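Here is how the chains run, residue by residue.
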Amino acid sequence: AASPSRHKVRTEFEKQMEVAGEPKHVLRGLIKRKVLDLRNMWLDDKDLEWFRDAVVAHQGTVQVDEVDLSGNNFTATGVERLLGTLVQAFPGCLDDLRRLDVGLASGWKVQGALLGGLKLTRQLQVLGLSGHQMVDHCVSTLCAGLEAMGVQLKSLDLSSTELGHWSKSGPFRVSKFLATQAKLKTLDLSFNYFMHEALLSLGQVLVATNCVEEIRLAHNPGAGERSNDTTFLRAVGATAHPTGGEIKAGFTFPPMNAFVQFLGRITSLRTVDLRSSGCSHETAFVLANSLVIHFHIETVMLSGNSLGFRGIRALMRLLYLNGFPAGRKMAELQIMGCSLRGVPSSAEASDFAFLDPSGTYSLDLQNPFCRGIADQCLRRWQMLQKMYDTSFGSCFARGFLLDGKPYTPTKDAKNDWTLPQIGTLSFTAAYPLTDAVQSQTPYQTKLMCKKGRALLPEQFGRWLRCFQAVEAEDDTQILLLEALAVDFQVTSAQLRGIMAASPSTATAAMELLMDRTEDPSAIFDLVTDGQLPIRMLPVILDEKHVPEYVEQTKQLHYFCGSNPTGHYCLDLEKSVDAILGEHLVAQNCWEIEVMKAQGAVDCSQKGNFQLFRNERFNYNNHDFSADWLKPLLGRWEFDYASSMHPPPSASSVSNETWRLVCLALEKAAVHEPGFRICALRRVAWRFVVSSSQVKVLWRCLPPGVIAADLFTSLFNRVVDPELLAPMLLRASGRASSSSEGFSTPSVRECIERVGPLRVYAATTIDNLHLTIDFAKHECRVLAELVFRLARKEGWCGLTAVRFYRDPEAPPQLGVPQSWASEMPAKGVLHVTYVGGGGKSAAFRAELQAKYTCISVQLPAALRQAGLK
């Protein structure tokens, strides 16, 4: 758009010809400082007649080091004739030609004639072919000719050349040519169509040559808008669907994942341009993980990609604000238009929790994002090994499995972890946040107040430049603030600087960073002088607000820290609910640390060790993790399943005492039945009951009491919780809710509240019907428990087996013994375990302690000091 019109340029050119009078003067004017400059003049082949006349009329010597023909309409034949005319008139004038740019505005197909012109050169170092259509045979001819000439380029521009648009052979041929370029410094492949395989080949070649300093792959859509085009998928080598239906590509992750994994191994790299190239939060994670200790990287451009909070946070933590190694050159990160998050490539490619990545992983190693997660897990163990002397066996107690077989990660000569490029890697990681001794101590400041690392002045200045660069995008600025809040702590001066830099996001900055400030009292005046909303201050209540206050504090009034299991629905705008949420988050952290120290199996719902279940935020499904930054507003609903249980030696209350408790609850003068359960939970820490006493209470409560509320309020106070599942399931199977108090829906809700791994115990699992969904983590752990029992006591103990790999297909009868070591990735198994002939009480007790969390105990100090 900035180029002048063809008519205007031609008119100016004709005037120049008239003023010069003779063609030789025109030649002298165009060749200045050994540069032939005809750029942006909209000339075509016919316009070269005057040039030939000028060359013939010129007397003297001519030496040309650079030729710039960009922005014209010359064909390849025209370029060859132009260079040939120069060489014919002035032999040797192109011997020192180092730069040739024939990038055109309108574009044309590169032909063999261009190679004829290039052969006239001897020391070509810069070649620009931007805007030309590089069809496959032309790419092959050009690359072969350049290789035959022995050219060693320093800069190559093949942007907007249609590489990879209809075939992958062009990008592969370019990669093969680049393998011969040992002096290449700048490479521009923007506005092309590189797919997974081509990007993989390109990355491998650039690592092998290890000389490029600037890489540009901006606006490279890859699969992009043509990903559903059958003709295109056939052209790029996609495989047909096994059922003979639609054709699908062989990769499900963003194409750029395949390329950015190599950037960290290109030690000469300074600049990376991946703007609008289909990058997702996965790509950002892989890129940051690859460049995490790169010393020379200076600029990373990622604007126009769907990175979201996860992607921006990974870039900030691992790359942009990473102070290691000391003296690194990182200076600029461009993330304009990156506030939206892309769709995850697969269910296995889950988000990585930086603050506590403990959990169970099943990673498809074909995706570089999954390999990046595994690499981060191994690096985290290396850090903890130095801090807490954590052994590899204690961190990865269950070892690694590659496609169901034992596997041991290894390192290469550069001391980097090497992982297979294909297969499914499974492992459970348990990272202690403190040492084993400190994990037994309650109320640790380190666990409770996770403010992150201090933000150094140099880091803050760098972050503020990035923050100001997106001043027109409030959404992106808020994501930057969230990424800063979750990993770093700031000073009051830094917070004031952030608020002054962007008044439109000043309130969000205060809300996110006030609790992450080293000296919060120094910024309190910003609240009191009216600059921020009053919700930042506690509300002082008068008499008319007392009833409202009582209603709002009901959950806190009936909350018991020693018996926290239950269902919660918190309005985070209310200070009481926010305090309760913070306490549960801290208690969750304490309990997890104790479970890690005692070597407990990951019994969580989603394989992340967390005790929160069935989370919903603002009525949408939500996954809680250690990285979650609890907002100030919103509706947070969840179940909390504590791991605390009374010791097996504890004695339950007498039946007479329990009868009086049941009578008091039954006759309580309250209108809402739920208040009875709240009161029971509040005082339940004072006594221990048996499973049979729970059944008695269940029967005597009036209608309107939610069965799951009663169950969860007493679950952690039952001395024999392993008997709850048989009691509930068998009663629900033979009796109606009116006679026994147990119905199938209510029992299912009870199990869903606390999780099947806390209900089904190895010692009492016989004759219970189990429904196992292999796509869910806790179901897979339950299946592992059952299969270990069957392998020990006899495989014939598995009865009534029906396995549905596909809901519409007929079921598979029987369970292969190979499932004990390698279970299917998906499908639903219905099975009843009746026990074999060789039942082992000791073995069952060991499995129960390991798999069900029933025997996991918090230390006495924590039980006594916990909030009552």
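Notes on the structure in this doc start here. The structure presented is a predicted model; accordingly, all values stated were derived computationally and were not measured.

Quick notes on the rules
- Residues numbered from 1 in each chain as written.
- Predicted model: local features only at pLDDT ≥ 70, side-chain atom pairs only at ≥ 80, totals over all residues.
- Heavy atoms only, no water.
- Pairing = 2+ DSSP bridges.
- Helix = DSSP H or I, 4+ residues; strand = E, 2+ residues; numbered from the N terminus.
- Axes fitted to C-alpha atoms, helices over the stretch in contact; angles between N-to-C directions.
- Phe/Tyr/Trp six-rings, centres within 6.5 Å; stacked < 30°, edge-to-face > 60°.
- Buried < 20%, exposed > 50% of the residue type's maximum accessible area, 1.4 Å probe, protein only.
- Lys NZ or Arg CZ within 6 Å of the ring centre and 35° of its normal.
- Salt bridge = Lys/Arg side-chain N within 4 Å of Asp/Glu carboxyl O.
- Contact = heavy atoms within 4.5 Å.
- Lys, Arg positive; Asp, Glu negative; His and termini not counted.
- Polar contact = N/O pair within 3.5 Å; in protein donor to acceptor, adjacent residues only side chain to side chain.
- Patch = residues over 30% accessible without salt bridge, like charges linked within 9 Å, V, L, I, M, F, W, Y side chains within 5 Å.
- Areas by Shrake-Rupley, 256 points an atom, 1.4 Å probe, with all protein chains shown as cover.
- Charge placed at Lys NZ, Arg CZ, Asp CG, Glu CD.
- Parallel < 35°, antiparallel > 145°, perpendicular 65-115°, else oblique.
- Left-handed = near helix turned anticlockwise from the far one by under 90°.
- Nonpolar A, V, L, I, M, F, W, Y, C, P; charged D, E, K, R; others polar.

1. Comments concerning the sheet that holds strand β14 (residues 359-364)
Hydrogen bonds between backbone atoms are what pair the strands of a sheet, whose relative direction is either parallel or antiparallel. Taken together, four strands build an open sheet; the order of strands is β14-β19-β15-β16 and the sheet is antiparallel. Each of the sheet's edge strands pairs with one partner strand only, and the pair in question is β14 and β16 (405-407). Mean inter-strand twist for the sheet, computed between neighbouring axes without regard to direction, equals 30°. Sheet topology places β14 next to strand β19 (residues 424-429); six bridges connect them, and they run antiparallel.

2. Some remarks on the sheet that holds strand β27 (residues 798-804)
Read across the open sheet, the three strands follow the order β26-β28-β27; overall the sheet is antiparallel. Sheet topology places β26 (768-773) and β27 at the edges, where each strand pairs with a single neighbour. The mean angle between the axes of side-by-side strands here comes to 15°, regardless of whether they run parallel or antiparallel. In this sheet, strand β28 (residues 828-833) lies alongside β26 in antiparallel orientation, the contact comprising six bridges.

3. Thoughts on unusual backbone geometry
Pro325 follows Phe324 through a cis peptide bond whose omega is -5°. Within the secondary structure, Pro325 is located in the loop between α12 (308-320) and β13 (332-334). Even without being a glycine, Asp403 presents a positive backbone phi close to 55°. In this structure, Asp403 sits in the loop between β15 (400-402) and β16.

4. Observations concerning the packing of aromatic side chains
In total, this model carries 33 aromatic pairs according to the counting rule given. Centroid distance Phe400 to Phe427: 4.7 Å. Interplanar angle 35°. Geometry classified as tilted. Of the two residues, Phe400 is situated in strand β15 and Phe427 in strand β19; the sequence distance between them amounts to 27 residues. Overall, the relative accessible area of 5% leaves Phe400 in the buried class. With 4.4 Å between their ring centres and 45° between their planes, Trp636 and Phe638 make a pair best called tilted. Residue Trp636 is classed as buried on the basis of its relative accessible area, which comes to 0%. Taken together, Phe559, Tyr568, Phe612, Phe617, Phe624, Trp628, Trp636, Phe638 and Tyr640 form an aromatic cluster joined through their ring pairs. Between the NZ or CZ atom of Arg681 and the centre of the ring of Tyr568, over which it lies, the distance is 5.6 Å. Lying across the ring of Phe843, Lys792 places its NZ or CZ 5.5 Å from the centre.

5. Section: the pattern of salt bridges
Taken as a whole, this structure holds 30 salt bridges when the rule is applied. The closest approach of N and O atoms between Lys596 and Asp356, which form a salt bridge, is 2.8 Å. Within this pair, whereas Lys596 is found in helix α23 (residues 575-597), its partner Asp356 is found in the loop between β13 and β14, the two being separated by 240 residues in sequence. In this pair, the class of Lys596 matches that of Asp356, namely buried. Residue Arg613 pairs with Glu778 through a salt bridge whose shortest N-O separation is 2.8 Å. Of the two residues, Arg613 sits in strand β23 (residues 612-617) while Glu778 sits in helix α30 (residues 777-793), which places them 165 residues apart along the sequence. A relative accessible area of 5% means that Glu778 is categorised as buried.

6. Considerations on the pairing of β28
Within β28, five of the six residues are buried, which leaves the element mostly enclosed by the surrounding structure. Two elements, β27 and β28, share five bridges in a ladder whose sense is antiparallel. Following the sheet pairing, Arg802 is matched in β28 by His830.

7. Concerning the environment of Glu49
For Glu49, the location among the structural elements is in helix α3 (residues 49-57). Separated by 33 residues in sequence, Glu49 and Leu82 place their C-alpha atoms 9.8 Å apart.

8. Structural notes on helix α7 (residues 169-178)
Within α7, seven of the ten residues are buried, which leaves it mostly tucked inside the rest of the structure. Listed as buried for α7 are Gly170, Pro171, Arg173, Val174, Ser175, Phe177 and Leu178. Structurally, α7 contributes buried residues whose contacts are with α6 (136-149), β6 (155-157), β7 (186-188) and α8 (196-209).

9. A closer look at the side chain of Arg328
Mapped onto the secondary structure, Arg328 falls in the loop between α12 and β13. Although Arg328 is buried, it forms no salt bridge, and the closest oppositely charged side chain is Glu458 at an N-O distance of 8.7 Å. Among the polar contacts made by the side chain of Arg328, one reaches the main-chain carbonyl oxygen of Phe324 at a distance of 3.2 Å.

10. Structural notes on the environment of Trp590
Within the secondary structure layout, Trp590 lies in helix α23. Since its relative accessible area comes to 6%, Trp590 is described here as buried. Separated by 157 residues in sequence, Trp590 and Leu433 place their C-alpha atoms 9.8 Å apart.

11. Some words on helix α19 (residues 506-513)
Burial of α19 is extensive: seven of the eight residues sit out of reach of the surface. Taken together, the buried positions of α19 are Ala506, Ala508, Ala509, Met510, Glu511, Leu512 and Leu513.

12. A word on a positive patch on the surface
Taken together, the side chains of Lys34, Arg98, Lys154 and Lys183 define a basic patch exposed on the protein surface. Along the chain, Lys154 falls in the loop between α6 and β6. According to the relative accessible area criterion, Lys154 is partly exposed, its value standing at 40%.

13. Considering the packing of helix α26 (residues 691-700) against helix α27 (residues 707-715)
For the pair α26 and α27, the least separation of the axes is 11 Å and the interaxial angle reads 150°. The pairing of α26 with α27 is recorded here as roughly antiparallel in orientation. For the crossing formed where α26 meets α27, the hand is right-handed. Within the contact between the two elements, α26 uses Val694, Leu697 and Trp698 and α27 uses Ala707, Leu710, Phe711 and Leu714. When its residues are assigned to classes, the contact of α26 with α27 shows seven nonpolar, no polar and no charged.

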